[in-house]
Amino acid sequence: MRTITYSQAIYETMREEMARDPNVILIGEDVGTFGGVWGVSSDLMKLFGEDRVRDTPISETAIIGAALGAAMMGLRPIAEIMFGDFLPVAGDQLVNQLAKARYMSGGKAKVPVTVRVTTGAPGSAAAQHSQSPEGWYMNVPGLKIAVPATPADAKGLLRTAIRGEDPVLFFEHKMLYATKGEVPEDPDFAVPFGQAAIRREGHDVTIVAIGGMLPKALEAADMLAREGIAAEIVDPRTLVPLDKATIIASVHKTGRVVIVHEAHKRLGPGAEIAAMLAEEAIGYLDGPIVRVAAKNVPLPYSPELENFVLPQTQDIAEAARGLATRKL
Amino acid sequence: MAITDYPDEKLLHLYRQMYLVREFELRAINERRAGLIPGFIHSCVGQEATAVGACAALEPTDVITSTHRGHGHLIAKGGEPKYMMAELAARTTGYCGGKGGSLHMSDFNLGILGANGIVGGGIPIAVGAALAFQQRKEPRVALSFFGDGAANEGAFHEALNLAGLWKLPVIFFCENNLYGEGTPQAKQAPVADLAIRAAGYAMPGVIVDGNDVLAVYEATKAAADRARAGGGPTLIEGKTYRYRGHYEGDPMVYRSKEEMEAWKLRDPVTGFRARLLAEAGLAEEKLHALEAEVQAMLDTAVAFAAASPKPQPQTALEGVYGDTDGGLVF
């Protein structure tokens, strides 16, 4: 298997799917000539032409609305929104139109739209370019939410999104673009939604790590291993649908759970997972459900302040250690 | 074009459609009062000519997006009154199986991409449909109906800008009925003619008498021909007036009886009917026959709706996704 970056994995998937299906198009700000501000769409405009790879004005409402209307007519648009922070600019088209089109029509409207969007703090980008808005949209039935954490998942989940039948918010963590990993070459390689991955096995404590938190959670698990604590790491891969069974099975095994995400703690994805565990797995738990997440303030600019607000490897290790060594 | 240049068949069709829209609305209002229809209704009584004139200029393969005041648009694009009435009555036989109601009716086979509960919400969607037509080089046109109120929404600006930029085959049809909900247009926009905004998007802006179905038809036909030939979008503003409140039950404290009575002298339906008799020389019996046919159709529609089953509660969970991932999505 080849080792490629998360960014290359996304690029390749778009290239392969556009080559395979003429109905797949890419629209967004600077996705064409520029190749994407994150470089992800690279030479796709050269390869597929300005008709299928379209640079748009800075018009998030029009981007999502156009993707929706085009999907109703049979296309499979990929719409790129440069920063997750900009999703609310397209709020109505995303929440009231795209998410609900199928349901409101009694199931007749088919709207396969993949919204590729970045998430997370890239470092000193401050309050309007650093947010992790996944949880905002978990409260909107009709959307699916993918949070790939590895290059292979970036590829496999994006393929599933593009070939699927539903609107997907595909969150690409900015700090993961340059990370490398093994990615299968099979042109049909896909990762199904709603299937979590066990990234590391352990029996002392479960760490549910979402998206960009996976590398930090793995680091924390290494630290804990040196202390004799075996952490199990579960990566949900998609938040909607959520693989409850895998999370519950891990908690059944360990009896302890830490949920880690970069989104703000209050009503972040961890709140839903914690509530789910409280409803469905409370009997397996030997301690409180602990969340490690961004503090409930806007993301600050200063590195000192930002590092304090964002969850760090140490925070994850401390939380897991606290649970694992807790006297029952 | 003079009215005498139109074939009788076309004139009768336009009149029939307008009469159907008017009578459908009056029936719906009655049936809501009678308890058949549980939800709210924003009726388009008084605005029949914009809906019918514009849709008459479209081909069956063209598409429209509609508004909260959308019953007329749907009927004009070929929507069947019985499925519409059943949807209003929240029955399984309705256009959306009772999940949409007045604000969300759609029929994708007829090119009706949906009424819309959000002011301005359908405009970017029409642009997207036009994008698909352009990208696949299909000679089809998308038309978006919206009101004067929507012309002050951000979605209007983004959609028209994108369509002007890409020369998309789309028609923006503004039904200016002078009121955005309960506030007059003069208090909502610094310009009286919204069509002048077209200049900012490098597209023609056309003002028509929105109560004259032939004027609306001709303006829309010209825009559709141009769009189909690759000439890009057009903004049409049809000046019209709604007779009833923003919604049924609106106390209408914001306008005068005199104003309402003055507009009724320019009624799009009865005015056109009078012209058919006086100027086109059509026999009144023909109109009577057509009116009777429409009334019978509406009798059937109401009976169909009333006799149709209400949905089983569990079916509320169906249709959210095309693929539920084995039920995991819930």
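In this text, all values refer to a predicted model and were calculated from it rather than measured experimentally.

Colleague: Explain the overall build of chain B to me, using residue names and the numbers behind them.
Modeller: What chain B contains, in helices and strands, is 10 helices and seven strands. Scaling as 2.2 N^0.38, a compact globule of 330 residues should have a C-alpha radius of gyration of about 20 Å, and chain B matches this with 20 Å. Per-residue burial for chain B yields a buried fraction of 57% across its 330 residues. Sequence separation of at least 24 residues holds for 72% of the intrachain contacts in chain B that already meet a minimum separation of 6. As displayed, chain B has an accessible area near 12,600 Å², and 56% of this comes from carbon and sulfur atoms.

Colleague: Go over the pairing of strand 7 (residues 168-173) of chain A, please, and point to the residues and values.
Modeller: Residue and element names in this part refer to chain A. Along strand 7, six of the six residues are buried, which leaves the element largely enclosed by surrounding structure. The two faces of strand 7 match: Val168, Phe170 and Glu172 on one face and Leu169, Phe171 and His173 on the other face are all buried. Where strand 5 (residues 114-119) meets strand 7, six bridges bridge the pair, whose relative direction is parallel. Across the sheet, residue threonine 118 finds its bridge partner in strand 7, namely glutamate 172. Strand direction decides the pairing type here: strand 6 (residues 144-146) and strand 7, joined by three bridges, are parallel. Across the sheet, the residue bridging to lysine 144 is valine 168, located in strand 7. Handedness of the β-α-β unit built from strand 6, helix 7 (residues 151-163) and strand 7 comes out right-handed.

Colleague: Any details on the domain arrangement of chain A? Residues and values, ideally.
Modeller: All names here are of chain A. Structurally, chain A comprises domain 1 (2-183) and domain 2 (197-324). Each of domain 1 and domain 2 was reduced to a C-alpha centroid, and the two centroids are 26 Å apart. Carbon and sulfur atoms supply 64% of the area buried between domain 1 and domain 2, which totals about 1,900 Å² over both sides. In this assembly, domain 1 and domain 2 are joined by two salt bridges. Counting across the domain 1 and domain 2 interface gives 10 residue pairs in polar contact (both at pLDDT 80 or more). Looking at the side of domain 1 that touches domain 2, the elements that each hand over two or more residues are helix 6 (134-138), strand 6 and helix 7. For the side of domain 1 that touches domain 2, the residue count by class is 12 nonpolar, eight polar and three charged.

Colleague: Mind laying out the pattern of salt bridges, listing which residues take part and the relevant values?
Modeller: All names here are of chain A. Inspection of every chain in the model, using the stated rule, returns 40 salt bridges over all chains. Here glutamate 185 and arginine 2 are joined by a salt bridge, their closest N and O atoms 3.8 Å apart. Within this pair, whereas glutamate 185 is found in the loop between strand 8 (180-183) and strand 9 (197-200), its partner arginine 2 is found in strand 1 (residues 2-5), the two being separated by 183 residues in sequence. A relative accessible area of 23% means that arginine 2 is categorised as partly exposed. One salt bridge in this structure joins arginine 159 and glutamate 17, with 2.7 Å as the shortest N-O distance.

Colleague: Break down the sheet that holds strand 12 (residues 238-240) of chain A for me, with residues and values.
Modeller: Strand pairs in the sheet, formed through backbone hydrogen bonds, run parallel or antiparallel to each other. Residues and elements named next belong to chain A. Spatially, seven strands are ordered 3-2-4-5-7-6-12 in an open sheet, and the strand pairing comes out mixed. Each end of this open sheet is capped by a strand with a single partner; those strands are strand 3 (53-55) and strand 12. Across this sheet, the average inter-strand angle for adjacent strands is 20°, counted without regard to direction.

Colleague: Please give an account of the interface of chain A and chain B that cites residues and values.
Modeller: Tallying the contact residues gives 45 residues for chain A and 42 residues for chain B. Taking both partners together, chain A and chain B bury about 3,500 Å²; carbon and sulfur atoms supply 62% of that area. The largest per-residue losses of area from chain A upon contact with chain B belong to A:Arg54, A:Met73 and A:Tyr103, which jointly make up 20% of the total buried on that side. Taken together, the links from chain A to chain B amount to two salt bridges. The closest approach of N and O atoms between B:Asp325 and A:Lys144, which form a salt bridge, is 2.8 Å. At the junction of chain A with chain B, the criterion picks out 18 residue pairs in polar contact (both at pLDDT 80 or more). When residues in the side of chain A that touches chain B are grouped by element, the largest group, nine residues, is from helix 3 (residues 60-72) of chain A. Of the residues in the side of chain A that touches chain B, the class split is 19 nonpolar, 15 polar and 11 charged.

Colleague: Can you break down the state of the cysteines residue by residue, with the values?
Modeller: All names here are of chain B. Applying the stated rule across the entire model yields zero disulfides over all chains. Its sulfur unpaired, cysteine 44 is 11 Å from the next cysteine sulfur, which belongs to cysteine 55. Here cysteine 174 is not cross-linked by a disulfide; its sulfur's nearest cysteine counterpart is in cysteine 44, at 15 Å.

Colleague: Just give me the short version of the environment of A:Gly228, but keep the residues and values in it.
Modeller: Residue and element names in this part refer to chain A. Within the element layout of this structure, glycine 228 appears in the loop between helix 8 (214-226) and strand 11 (231-235). Given the relative accessible area of 59%, glycine 228 is considered exposed. Separated by 24 residues in the primary sequence, glycine 228 and aspartate 204 place their C-alpha atoms 9.5 Å from one another.

Colleague: Lay out helix 8 of chain A in plain terms, naming residues and giving numbers.
Modeller: Residue and element names in this part refer to chain A. In this model, helix 8 (13 residues) spans 19 Å end to end at C-alpha, consistent with the 18 Å of a helix rising 1.5 Å per residue. Within helix 8, the full set of buried residues consists of Leu214, Ala217, Ala220, Ala221, Met223 and Leu224. Packed against the buried residues of helix 8 are strand 9, strand 10 (205-209), strand 11 and helix 12 (313-324). Among the residues trailing helix 8, glycine 228 stands out with phi positive, at a value near 90°.

Colleague: Residue-level account of the sheet that holds strand 3 (residues 170-176) of chain B, with values.
Modeller: Residue and element names in this part refer to chain B. An order of 1-2-3-7-6 is seen for the five strands of this open sheet, with the pairing classed as parallel. Edge positions in the open sheet fall to strand 1 (63-65) and strand 6 (205-209), since each of these has one partner strand only. This sheet shows a mean twist of 20° between the axes of neighbouring strands, independent of strand direction. Pairing of strand 3 with strand 7 (residues 234-239) involves six bridges; the strand directions are parallel. Residue phenylalanine 172 lies in a different strand from strand 7, and its bridge partner there is leucine 235.

Cut-off values and rules
- Residues numbered from 1 in each chain as written.
- Chains lettered and ligands numbered in written order.
- Predicted model: local features only at pLDDT ≥ 70, side-chain atom pairs only at ≥ 80, totals over all residues.
- Heavy atoms only, no water.
- Helix = DSSP H or I, 4+ residues; strand = E, 2+ residues; numbered from the N terminus.
- Rg over C-alpha atoms; globule rule 2.2 N^0.38 Å.
- Buried < 20%, exposed > 50% of the residue type's maximum accessible area, 1.4 Å probe, protein only.
- Contact = heavy atoms within 4.5 Å.
- Areas by Shrake-Rupley, 256 points an atom, 1.4 Å probe, with all protein chains shown as cover.
- Pairing = 2+ DSSP bridges.
- Right-handed = clockwise from strand over helix to strand, strands pointing away.
- Domains from an automatic or database assignment.
- Buried area = accessible area lost by both parts, 1.4 Å probe.
- Salt bridge = Lys/Arg side-chain N within 4 Å of Asp/Glu carboxyl O.
- Polar contact = N/O pair within 3.5 Å; in protein donor to acceptor, adjacent residues only side chain to side chain.
- Nonpolar A, V, L, I, M, F, W, Y, C, P; charged D, E, K, R; others polar.
- Axes fitted to C-alpha atoms, helices over the stretch in contact; angles between N-to-C directions.
- Disulfide = S-S within 2.5 Å.
- Expected span 1.5 Å × (residues − 1).

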